Amino acid sequence: MCYRRGMTATQHRTHDPVHRVSMAFEREEDGLWVSTWLEPGGVLPEHFHPTLDERWEVVDGIADVKLAGAWRRLSAADGPVRVAPGVRHALRNKSGAQTFLRTWVTPAGRLEAFLRESAWAAQEGLYDARNLPRGVRGAAWIADFALRFRDETVMCSPPPAVQRAVLPVVARLTRSRRPRPG
């Protein structure tokens, strides 16, 4: 799939101030288009999707993409880059200008819900740029959030092995302090 010309920058955006990124979503059949605007210095931290297949494409600007441990520069001329299920990846914008990317995700799964809730938590100040919680409310939210979405999206910081050991315990201990969006 390539960038569809019908998508516009006027779509309703969800903003994550911690990672300096905005996103808009459009479902199509069994997939999901994610429009992503990375501000200068913006980043999508390293993560992987056990069950989702992504095709990232820079539409305007330049981004650095990390795939399976190696960084490379990506521009519109490079065309789509596939990120297969299970492959660790990250994106960053080291340029001085906003970068616009499009991603085709199949199956759509719950990625939109994951990204919207993550942006809400960033706006609430529940976690920092390393995805570590700020306070007990942040720990309660992160534990619950990471467990609910672990079948589709796994952040790599803290390391997944640490998450598997610690998150269930934290979720049980902080159940009554969990903030929820909306």
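Our subject is the structure that appears above.
Residues numbered from 1 in each chain as written. Predicted model: local features only at pLDDT ≥ 70, side-chain atom pairs only at ≥ 80, totals over all residues. Heavy atoms only, no water.

Draft legend 1. Molecular detail of the pattern of salt bridges. Taken as a whole and judged by the stated rule, the model has 10 salt bridges. The partner of Glu39 in a salt bridge is Arg20, with the nearest N and O atoms 3.7 Å apart. Here the residue Glu39 occupies a position in the loop between β3 (31-38) and β4 (43-48), and Arg20 occupies one in the loop between β1 (14-16) and β2 (21-28), the gap between them amounting to 19 residues. Its relative accessible area of 24% is what places Glu39 among the partly exposed residues. When the shortest N-O distance is used, the salt bridge between Asp151 and Arg110 registers 2.6 Å. Taken together, the positions of Asp151 in the loop between α2 (135-149) and β11 (154-155) and Arg110 in the loop between β10 (99-106) and α1 (111-124) put the pair 41 residues apart, joining distant regions of the chain. The exposure class assigned to Asp151 is partly exposed, which follows from its relative accessible area of 43%. Exposure remark for Arg110: the relative accessible area of 31% places this residue in the partly exposed category. (Salt bridge = Lys/Arg side-chain N within 4 Å of Asp/Glu carboxyl O. Helix = DSSP H or I, 4+ residues; strand = E, 2+ residues; numbered from the N terminus. Buried < 20%, exposed > 50% of the residue type's maximum accessible area, 1.4 Å probe, protein only.)

Draft legend 2. Up close: empty space enclosed by the protein. Throughout the structure, instances matching the rule amount to one cavity of 30 Å³ or more. In this model, the largest cavity occupies a volume close to 460 Å³. Residue lining of the largest cavity: 31 residues in total, with Phe114, Ser118, Phe145, Thr153 and Met155 positioned closest to the centre. Split into classes, the residues belonging to the lining of the largest cavity amount to 19 nonpolar, 10 polar and two charged. (1 Å grid on protein atoms, 1.4 Å probe; cavity = no way out; pocket = protein on both sides within 12 Å on 5 of 7 lines; lining within 4 Å. Points joined across faces, edges and corners; volume = space filled by probe spheres on them. Nonpolar A, V, L, I, M, F, W, Y, C, P; charged D, E, K, R; others polar.)

From the geometry alone we can't say anything about function, so treat these as descriptive.
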